[in-house]
Amino acid sequence: MEALSTTVTHKVSQEARLVRDALVEAGLETPLIPTGLNNDQKYERLKSLFTDVVSTLGLDLNDDSLAETPHRIAKMYVREIFSGLDYGNFPKISVIDNKMNVDEMVTVSNISVTSTCEHHFVTIDGSAKVAYIPKDKVIGLSKINRIVRFFAQRPQVQERLTQQVLLALQTLLGTEDVAVSINATHYCVKSRGIMDSNSYTSTTALGGTFKSNERTRQEFLSQA
């Protein structure tokens, strides 16, 4: 069995602290409680718990197809799909002075969004569009994708995810002029319950000029 590597403690950056504090103040932080567990301890506990889950379902963990399933799920939860719960994993942010005096909309479209519904722990799959109008600072374009990914790698509701990305960028860029939209398929709707494979959910969060100026708002919303 592939073992989980020794836990590496990532220092929480100043940018991550600023974003976290802003989310807490706004009431937009993901509901969290302290566990006192490091990643290795979380892995061991989850592996044990999922061993019980798989056995309770009547599946034979002696079968070679199932034997590693608790390990795989525990590792996936800690290191992959829920890694955004740890602000030590917040992306390194490159924000530079707006020396070119850019004052028009900057938009990044079709950003992949893969998250997990916090109600049923099944997949949310879609795309995001993010725009901002630079003030004193501009951000490396790939950092926008990374911020979306960081907040997506948590148990989520789409409405909160959209607002978290908005407020994170407003905090880092020092401007209210940010807009975020997400379109996504929820597998809690597609694979269970109503089992509707056609519907998708759209959410939008607008700040500053994007909210107050109809022309700017429509320009953002009309972009592919």
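Residues numbered from 1 in each chain as written. Predicted model: local features only at pLDDT ≥ 70, side-chain atom pairs only at ≥ 80, totals over all residues. Heavy atoms only, no water.

### Looking at the pairing of strand 3 (residues 123-132)
And step 1. Direction of pairing for strand 2 (residues 106-117) relative to strand 3: antiparallel, over a ladder of 9 bridges. Residue pairing for strand 3: Thr 114 is matched across the bridge by Asp 125.
And step 2. In textbook terms, the turn of a hairpin is the stretch between consecutive antiparallel strands, and for strand 2 and strand 3 this stretch comprises 5 residues, one of which, Phe 121, has a positive phi near 55 degrees.
And step 3. Examined bridge by bridge, strand 3 and strand 6 (residues 178-186) share 9 bridges and lie antiparallel to one another. (Pairing = 2+ DSSP bridges. Helix = DSSP H or I, 4+ residues; strand = E, 2+ residues; numbered from the N terminus.)

### Brief notes about the pattern of salt bridges
And step 1. A full pass over the atoms with the stated rule returns 3 salt bridges.
And step 2. When the shortest N-O distance is used, the salt bridge between Lys 137 and Asp 97 registers 2.6 Å. Within this pair, whereas Lys 137 is found in strand 4 (residues 137-139), its partner Asp 97 is found in strand 1 (residues 95-97), the two being separated by 40 residues in sequence.
And step 3. For Lys 137, a relative accessible area of 30% puts it in the partly exposed group.
And step 4. Among the ionic pairs, Arg 160 bridges to Glu 118, the shortest N-O distance being 2.8 Å. Linking Arg 160 in helix 5 (residues 158-173) with Glu 118 in the loop between strand 2 and strand 3, this pair joins segments that are 42 residues apart in sequence. (Salt bridge = Lys/Arg side-chain N within 4 Å of Asp/Glu carboxyl O. Buried < 20%, exposed > 50% of the residue type's maximum accessible area, 1.4 Å probe, protein only.)

### A short note on the sheet that holds strand 3
Strand pairing in a sheet relies on backbone hydrogen bonds, with the paired strands running either antiparallel or parallel.
And step 1. Across the sheet, 5 strands lie side by side as 5-2-3-6-7; this open sheet has mixed pairing. Taken across any chain shown, the strands that pair with only one partner, and hence form the sheet edges, are strand 5 (155-156) and strand 7 (201-206).
And step 2. Relative to strand 5, strand 2 runs parallel, the two sharing 2 bridges. For Cys 117, the partnering residue across the bridge sits in strand 5 and is Gln 156.
And step 3. Running at roughly 20 degrees to strand 2, helix 4 (residues 141-152) makes contact with strand 2, strand 3 and strand 5 of the sheet. (Contact = heavy atoms within 4.5 Å. Axes fitted to C-alpha atoms, helices over the stretch in contact; angles between N-to-C directions.)

### Some points on the environment of Lys 92
And step 1. Inspection of the secondary structure assignment puts Lys 92 in the loop between helix 3 (69-81) and strand 1.
And step 2. For the pair Lys 92 and Ser 13, spaced 79 residues apart in the sequence, the C-alpha separation amounts to 7.9 Å.

### Let's talk about unusual backbone geometry
Excluding glycine, residues mostly carry a negative phi; peptide bonds, for their part, are mostly trans.
And step 1. Unlike most non-glycine residues, Phe 121 shows phi in positive territory, near 55 degrees.
And step 2. Residue position: Phe 121 is located in the loop between strand 2 and strand 3.
And step 3. A residue is classified by how much of its surface remains accessible, and Phe 121, at 40% relative accessible area, is partly exposed.

### Digging into the packing of aromatic side chains
And step 1. Under the counting rule described, the total for this entry stands at 10 aromatic pairs.
And step 2. Judged by centre distance (6.4 Å) and plane angle (70 degrees), the rings of Phe 90 and Phe 151 are edge-to-face. Placement of Phe 90 in the loop between helix 3 and strand 1 and of Phe 151 in helix 4 is noted, with a sequence separation of 61 residues between them. The two residues Phe 90 and Phe 151 agree in class, both being buried.
And step 3. Among the aromatic residues, ring-to-ring pairing joins Phe 50, Tyr 77, Phe 82 and Phe 121 into one connected group.
And step 4. Between Arg 20 and the ring centre of Tyr 87, over which it is positioned, the NZ or CZ distance is 5.4 Å.
And step 5. Note that Lys 129 overlies the ring of Phe 220, its terminal NZ or CZ placed 4.6 Å from the centroid. (Phe/Tyr/Trp six-rings, centres within 6.5 Å; stacked < 30°, edge-to-face > 60°. Lys NZ or Arg CZ within 6 Å of the ring centre and 35° of its normal.)

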